[in-house]
Amino acid sequence: GAVVSQHPSRVICKSGTSVKIECRSLDFQATTMFWYRQFPKQSLMLMATSNEGSKATYEQGVEKDKFLINHASLTLSTLTVTSAHPEDSSFYICSASFAAGAYNEQFFGPGTRLTVL
Amino acid sequence: KNEVEQSPQNLTAQEGEFITINCSYSVGISALHWLQQHPGGGIVSLFMLSSGKKKHGRLIATINIQEKHSSLHITASHPRDSAVYICAVRSGEGPLPSGGGADGLTFGKGTHLIIQP
């Protein structure tokens, strides 16, 4: 099956620093990648949708200047949390889908747990 | 916006019992996912379905489009089935517009399942 990896799996950083999270599709070309956030005991919430080579579409309430998304290739999307604060501590999960023009299954990465001190 | 409700929120059962987890949603969908999230956070896609029934091993997923309802069944449950099971839907009907831009999923809050030996 399709495999999606994320790096790092866990990161702890100081308040005010920026953190980059990578999401890679290992054995397929992902035309679309999604970024989700999950707070403890909460369901996943979509943050943004990114298509290779174009700007990401952010969900309402998600600050695009704070959560920078780059989808530079068909196998890599990055999420950068800029000037992180403790309230950004969360579990970030990406998923990837392929074949534009039809709905395909999303394949999820293992997630990145961010802790901002 | 689609509202996704799962029941029960928590379920503890004995090994071998037949398990049913329910999911209902408020707006027509084009696809419904059942996902499994283990304590470490990683998510595995169990099923994607838009009609009827699918079976994989001891897992069975059904969906009733008219009633906006889906169920996930686990037969002969085992302690290793202990996890959070999440229902997620893609709203709307029909294929995506060409050029990508797939919509993200809307998630239920999950059902925390514990199977005791």
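The structure we're discussing is the one just above.
Throughout, a residue's number is its position along its own chain's written sequence, starting from 1. Lettering for chains starts from A, numbering for ligands starts from 1, and both go in the order in which the items are written. For a predicted model such as this one, the threshold for reporting local features is a pLDDT of at least 70, and the threshold for listing and counting side-chain atom pairs is 80 or more; totals across whole chains, interfaces and linings nevertheless cover every residue. Heavy atoms throughout the structure, all of them, feed into the side-chain values; hydrogens and water do not.

Considerations on the sheet that holds strand 1 (residues 4-7) of chain B
Residue and element names in this part refer to chain B.
Thought 1: Taken in spatial order, the five strands line up as 1-3-8-7-6 in an open sheet, and their pairing is antiparallel. Of all strands in the sheet, those bounded by a partner on one side alone are strand 1 and strand 6 (52-56). Geometrically, the sheet is characterised by an average inter-axis angle of 15 degrees between neighbouring strands, direction not taken into account. Here, any two strands with at least 2 DSSP bridges between them count as paired. Where helices and strands are cited, they refer to DSSP runs of H or I of at least four residues and of E of at least two residues respectively, numbered from the N terminus. Axis angles are defined between N-to-C directions and span 0 to 180 degrees, where every axis is a line fitted to C-alpha atoms and, for a helix, only to the segment in contact.

Here's the deal with the state of the cysteines
Residue and element names in this part refer to chain A.
Thought 1: What counts as a disulfide here is a pair of cysteine sulfur atoms lying within 2.5 Å. Per the counting criterion, the structure on display carries two disulfides over all chains.
Thought 2: In this model, C23 is linked to C94 through a disulfide, with the two sulfur atoms separated by 2.0 Å. Torsion about the S-S bond of the C23 and C94 cystine: about 80 degrees, corresponding to right-handed handedness. Highlighted residues: C23 in strand 3 (residues 19-25) and C94 in strand 9 (residues 90-97), separated in sequence by 71 residues.
Thought 3: Accessible area is worked out with a 1.4 Å probe on protein chains only. A residue is then buried under 20% of its type maximum, exposed over 50%, and partly exposed in between. We classify C23 as buried; its relative accessible area is 0%.
Thought 4: Taking the relative accessible area as the measure of exposure, C94 reaches 0% and is therefore buried.

Some details on the nonpolar core
Thought 1: Only buried residues count toward a nonpolar core. Its members are Ala, Val, Leu, Ile, Met, Phe, Trp, Tyr and Cys residues joined through side-chain atoms within 4.5 Å. Counting residues in hydrophobic clusters, the biggest one holds 26 residues, and the most contacted among them are W35, F67 and L114 of chain A.
Thought 2: Those elements that place two or more of their residues in this core are strand 2 (10-13), strand 3, strand 4 (32-38), strand 5 (45-51), strand 7 (67-73), strand 8 (76-81), strand 9 and strand 11 (112-116) of chain A.
Thought 3: Grouped together as the second largest cluster of nonpolar side chains are 23 residues, I19, C23, I74 and Y85 of chain B included.

As for the sheet that holds strand 8 of chain A
All names here are of chain A.
Thought 1: Pairing within the open sheet is antiparallel, and its four strands lie in the order 1-3-8-7. Each end of this open sheet is capped by a strand with a single partner; those strands are strand 1 (4-7) and strand 7. Taking the axes of each pair of neighbouring strands and ignoring which way they run, one obtains an average angle of 15 degrees across the sheet.
Thought 2: Sheet topology note: the strand 1/strand 3 ladder contains four bridges and is antiparallel. Across the sheet, residue Q6 finds its bridge partner in strand 3, namely C23.

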